[in-house]
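Residue-level structure breakdown
This is what each chain is made of:
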Amino acid sequence: MVSSGVPSVDQLLGDGYPERSTILVIGPPGIGKEVLGYWFIRSGLIQGDYCLYATHRPVSDVLRDMKGVGISTERVPEWIASSGSPVRCDLKDATSISFNIKEAAHRNRERRSRVATDVLSPLLVLNPLESMYSYWSQLLADLKQQDLVTFALAEEGMHPPNTLTTMEQLFDGVIEMRLFEEGLSITPLLRVKKMLGLPPLHGYFRFSVTGTGMEVVPHVH
Amino acid sequence: MSIDLYSLVRSVAILVTLGIVALGLVRAVQMGRGFVNRLYRGRAYWTAAVMLLVMISLSMSYILGNGLGLVSVVPLGVLILVLFVFSDRTIQVAVEMDFFHRNTFHWRQVRKLLYVVLLTDILLISIEAAYPGLEQNSTGAVYFPLFAFGWATFFGLFGATIVFVAFSAARTPDRTLKRHVRLFGVFLVTFLVALFTGQPGVGLAVNLAGDLVLVAAAYSLYLMAMSLSPVGKVQKVIQP
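Residues numbered from 1 in each chain as written. Chains lettered and ligands numbered in written order. Predicted model: local features only at pLDDT ≥ 70, side-chain atom pairs only at ≥ 80, totals over all residues.

Let us now look at the overall build of chain A. Within chain A, the secondary structure is distributed over 7 helices and 10 strands. Taken over C-alpha atoms, the radius of gyration comes to 16 Å for chain A, in line with the 17 Å a tight globule of 221 residues would show. Principal-axis analysis of the C-alpha atoms gives chain A an extent of 50 × 40 × 35 Å. Here chain A holds 221 residues, and the buried ones make up 48% of them. Expressed as a percentage of contacts within chain A between residues at least 6 apart in sequence, the contacts between residues at least 24 apart total 68%. (Helix = DSSP H or I, 4+ residues; strand = E, 2+ residues; numbered from the N terminus. Rg over C-alpha atoms; globule rule 2.2 N^0.38 Å. Buried ≥ 20, exposed ≤ 12 C-beta atoms within 10 Å, placed from the backbone. Contact = placed C-beta atoms within 7 Å.)

Listed below in structure tokens is the structure:
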């Protein structure tokens, strides 16, 4: 298993994400999906894994966010970003993004690797669903040939309802983060919609992000 | 319709409006607490601030029997500042949501200048409010340009901000944010209509219609709070 970097999430998933798996985290903007990705990468850097972060944002923005949630930026992953990285992420050129991710992973094929990316939603907005389904299907299949865990983020509320449901089929694990309503209160909750090697996990988990980490605890209904 | 019956209708309308806005305020604060990203959290809290301002003004107007005279009760500077900061946060969220992170009309730079203009405006308007006779006593050479500058930049500033908000919202792929901005527009229009139609002397029928519009304005504000969550509608937790 590959640690998620968040002890309570590891515990929830039975020691982390499965080896050679593809994980999708879905949630509305601002809810904290990226934090799971940051801790996943941070954990890999500490363990000596090769880590790649492919993002449509500038490197400086991501580093600022990391610091904001208490993640040290002494060690950083290799970047494919819109600016501030040697390899540029150009959302108008999906082929180059796929090529660069696969090329970086192939260069480090002797090591265990982790890839985190937030380009799924932008590419889904900018391209037809059919072509993106094939694109991600091919990319994820190629990455699974190596000792590598892929972690992707998807924005909810930006796509037609069937789009993310379709994309979920390509991933081994799907985690949903959302604001949920219970009576008059609104609570940020997380649930594991599916995870390779695990029976269906029912129930919701309350999550919180502090300056020192992330905590996930069972939600008492 | 007798005046007493009309007063009763107005009281009910104000109470219903306050109830709806209070519910929206609670939702906005709760949603703000749910966001991890500081920009989204800030937008939620400033949405709550707009609602709080509306509640204070309505309550005070009602208690003082001053119609719906928002501007006469709440200091104008506070009103301007809260609306501007709310607009600023909305634009910043829209830029963040835009996958290409386009700095709409250089907002990140322009906003600093607009804040300086805004604070100057508030200062000038405060002077005018504190010394109502000042304008008449002046020779016109010193004070008139100040007041003219204050009001001209005030309208210019908000005109420009509306353009910024509309353009930046149009660039984001998030349909929930677009809905949020549209509802804010609906609120502003209905609230202004309610303010004018709620004034004494325009006729009871118009006053009554104004009260209904006020409830509609409050409801649009409530929906605006609900649209802070980009999924549009929070779902009930269903335990299997």
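There is more to say after this.
What follows concerns the overall build of chain B. Secondary structure assignment for chain B yields 9 helices and 1 strand. Seen in sequence order, chain B has helices and strands lined up from the N terminus as α-α-α-α-α-α-α-α-α-β. By residue count, 38% of the 240 residues in chain B fall in the buried class.

The next subject is the interface of chain B and chain A. Taken together, the contact between chain B and chain A spans 27 residues of the former and 29 residues of the latter. Breaking the side of chain B that touches chain A down by element, the ones donating at least two residues are helix 1 (3–34), helix 2 (38–64), helix 8 (175–197) and strand 1 (235–236) of chain B. Counting residues per element, the side of chain B that touches chain A draws most heavily on helix 1 of chain B, at 4 residues. In terms of residue class, the side of chain B that touches chain A is made up of 13 nonpolar, 9 polar and 5 charged. (Nonpolar A, V, L, I, M, F, W, Y, C, P; charged D, E, K, R; others polar.)

Okay, the pairing of strand 8 (residues 185–195) of chain A next. All names here are of chain A. By the bridge criterion, 10 bridges tie strand 7 (residues 173–182) to strand 8 in an arrangement that is antiparallel. Its bridge partner lying in strand 8, Phe-180 is registered against Thr-187. For strand 8 and strand 9 (residues 205–210), the ladder comprises 2 bridges, and the chain directions are antiparallel. Its bridge partner lying in strand 9, Leu-190 is registered against Phe-205. (Pairing = 2+ DSSP bridges.)

On to the environment of Lys92(A). Within the secondary structure, Lys92(A) sits in the loop between strand 4 (87–88) and helix 4 (94–107). Measuring from C-alpha to C-alpha, the distance between Lys92(A) and Leu123(A) comes to 8.2 Å, with 31 residues separating the pair along the chain.

It is worth spelling out the nonpolar core at this point. Core analysis: the largest hydrophobic core is formed by 111 residues, its most contacted members being Ala54(A), Val115(A) and Leu221(B). Apart from residues lying up to four places away in sequence, Val115(A) is in contact with Leu52(A), Ala54(A), Ile101(A), Ala105(A), Leu143(A), Leu148(A), Thr150(A) and Phe151(A). (Core = buried A, V, L, I, M, F, W, Y, C linked by C-beta atoms within 7 Å.)

Packed helices, taken two at a time, are described by the angle their axes make and the gap between the axes. All names here are of chain B. One way to put it is that helix 8 packs onto helix 9 (residues 204–226) with a least axis distance of 8 Å and a crossing angle of 160 degrees. Relative to helix 9, helix 8 is oriented roughly antiparallel. By crossing handedness, the relation of helix 8 to helix 9 is classed as left-handed. Where helix 8 abuts helix 9, its residues His-180, Leu-183, Phe-184, Val-186, Phe-187, Thr-190, Phe-191, Val-193, Ala-194 and Thr-197 lie against Val-206, Asn-207, Ala-209, Gly-210, Val-213, Leu-214, Ala-216, Ala-217, Ser-220, Leu-221, Leu-223 and Met-224. A per-class count over the contact of helix 8 with helix 9 returns 16 nonpolar, 6 polar and no charged. (Axes fitted to C-alpha atoms, helices over the stretch in contact; angles between N-to-C directions. Parallel < 35°, antiparallel > 145°, perpendicular 65-115°, else oblique. Left-handed = near helix turned anticlockwise from the far one by under 90°.)

Function cannot be read off these values alone, since they describe shape.
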